Amino acid sequence: MDMKDKVQKELAKIDGEDKGQILENFNQFKQYLAEKVQLGENLGLSDEKLAKTTEIVARYLANHEEPRNREEKVLMELWKSGSEEEQRVFSQMLLKMVKQA
């Protein structure tokens, strides 16, 4: 199973109510992502793998979830307006942002 499949499997595990709580408030969303990034770092994932995982999660959210606040709306608009290369860079920036959360 490749990383994309693993990430999508984990995203599918999140209960609808839990997902709603995570996505409802942008600060909670950033904190949730920060915890997952910390877990990845503890498992020895490189920044490159973390950025790739961030890209997969961002793509999933853009394709499967509606923004629930202004911040998520802006993130989705930026994501959808970017090329694949710009989305990769954006993923690295998102990773950097949640590491600082």
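Just so you know, these numbers come straight off a predicted model, no measurement behind them.

Trainee: Got a minute to help me understand the layout of surface pockets in this structure?
Mentor: Here the idea is plain: a probe the size of a water molecule rolls over the atoms and shows the empty space left. Roughly 1100 Å³ of internal volume is contained in the largest pocket. Lining the largest pocket are 39 residues, with Val 7, Leu 11, Leu 33, Thr 53 and Val 57 positioned closest to its centre. By residue number, the principal contributor to the lining of the largest pocket is helix α4 (residues 47–64), which donates nine residues. Residue composition of the lining of the largest pocket, grouped by class: 28 nonpolar, three polar and eight charged.

Trainee: What am I meant to see in helix α3 (residues 26–42) here?
Mentor: Side chains of residues three or four places apart in an α-helix project in the same direction, reflecting 3.6 residues per turn. Taking 1.5 Å of rise per residue, the 17 residues of α3 would be expected to cover 24 Å, and the 24 Å separating its terminal C-alpha atoms lies within 8% of that figure. For α3, the full list of buried residues reads Phe 26, Phe 29, Ala 34, Val 37 and Gly 40. On an axial view of α3, the arc spanned by its buried residues comes to 135 degrees, and they lie on one face. Every exposed residue of α3 that faces more than 90 degrees away from the buried side is listed here: Asn 27 and Asn 42. Of the residues flanking the start of α3, the one acting as N-cap is Asn 25, its side-chain oxygen 2.8 Å from the backbone nitrogen of Asn 27. Gly 44 lies just past α3 and shows a positive phi near 90 degrees.

Trainee: What is the right way to look at the packing of aromatic side chains in this model?
Mentor: Both the distance between ring centres and the angle between the ring planes are used here to describe each pair of aromatic rings. Counted according to the given criterion, the structure contains two aromatic pairs. Centroid distance Phe 26 to Phe 29: 6.2 Å. Interplanar angle 40 degrees. Geometry classified as tilted. You can see Phe 26 and its partner Phe 29 sitting in helix α3, three residues apart, about one turn around the helix. Using a relative accessible area of 13% as the deciding quantity, one classes Phe 26 as buried. Here Trp 79 and Phe 90 contribute two aromatic rings whose centre-to-centre distance is 6.3 Å and whose plane-to-plane angle is 45 degrees, an arrangement assigned as tilted. Pair noted here: Trp 79 is in helix α5 (residues 70–81) and Phe 90 is in helix α6 (residues 84–99), with a separation of eleven residues, a long-range link.

Trainee: Where do I start with the packing of α5 against α6 in this structure?
Mentor: The geometry of α5 relative to α6 is characterised by a closest axis approach of 8 Å and an angle of 150 degrees between their N-to-C directions. Facing α5, whose interface residues are Leu 75, Leu 78, Trp 79 and Ser 81, α6 presents Glu 86, Gln 87, Phe 90, Ser 91 and Leu 94. Residues of the contact of α5 with α6, tallied by class, amount to five nonpolar, three polar and one charged.

Trainee: So what exactly am I meant to see when it comes to the environment of Lys 4 here?
Mentor: On the secondary structure map, Lys 4 appears in helix α1 (residues 3–13). Lys 4 sits in the partly exposed class, given a relative accessible area of 44%. Separated by 49 residues in sequence, Lys 4 and Thr 53 have C-alpha atoms that sit 7.4 Å apart.

Trainee: Is there a simple way to think about the packing of α1 against α4 in this case?
Mentor: Two quantities define a packed helix pair, namely the angle between the helix axes and the distance between the axes. Look at α1 against α4: their axes get within 10 Å of each other, and the N-to-C directions meet at 50 degrees. With respect to their mutual orientation, α1 and α4 come out oblique. Along this stretch, α1 crosses α4, giving a crossing that reads as right-handed. In this structure, α1 uses Met 3, Lys 4, Val 7 and Leu 11 to contact α4, whose residues at the interface are Lys 49, Lys 52, Thr 53, Ile 56, Val 57 and Tyr 60.

Reading guide: rules and limits
- Residues numbered from 1 in each chain as written.
- Predicted model: local features only at pLDDT ≥ 70, side-chain atom pairs only at ≥ 80, totals over all residues.
- Heavy atoms only, no water.
- 1 Å grid on protein atoms, 1.4 Å probe; cavity = no way out; pocket = protein on both sides within 12 Å on 5 of 7 lines; lining within 4 Å.
- Points joined across faces, edges and corners; volume = space filled by probe spheres on them.
- Helix = DSSP H or I, 4+ residues; strand = E, 2+ residues; numbered from the N terminus.
- Nonpolar A, V, L, I, M, F, W, Y, C, P; charged D, E, K, R; others polar.
- Expected span 1.5 Å × (residues − 1).
- Buried < 20%, exposed > 50% of the residue type's maximum accessible area, 1.4 Å probe, protein only.
- Arc of directions from axis to C-beta.
- Polar contact = N/O pair within 3.5 Å; in protein donor to acceptor, adjacent residues only side chain to side chain.
- Phe/Tyr/Trp six-rings, centres within 6.5 Å; stacked < 30°, edge-to-face > 60°.
- Axes fitted to C-alpha atoms, helices over the stretch in contact; angles between N-to-C directions.
- Contact = heavy atoms within 4.5 Å.
- Parallel < 35°, antiparallel > 145°, perpendicular 65-115°, else oblique.
- Left-handed = near helix turned anticlockwise from the far one by under 90°.

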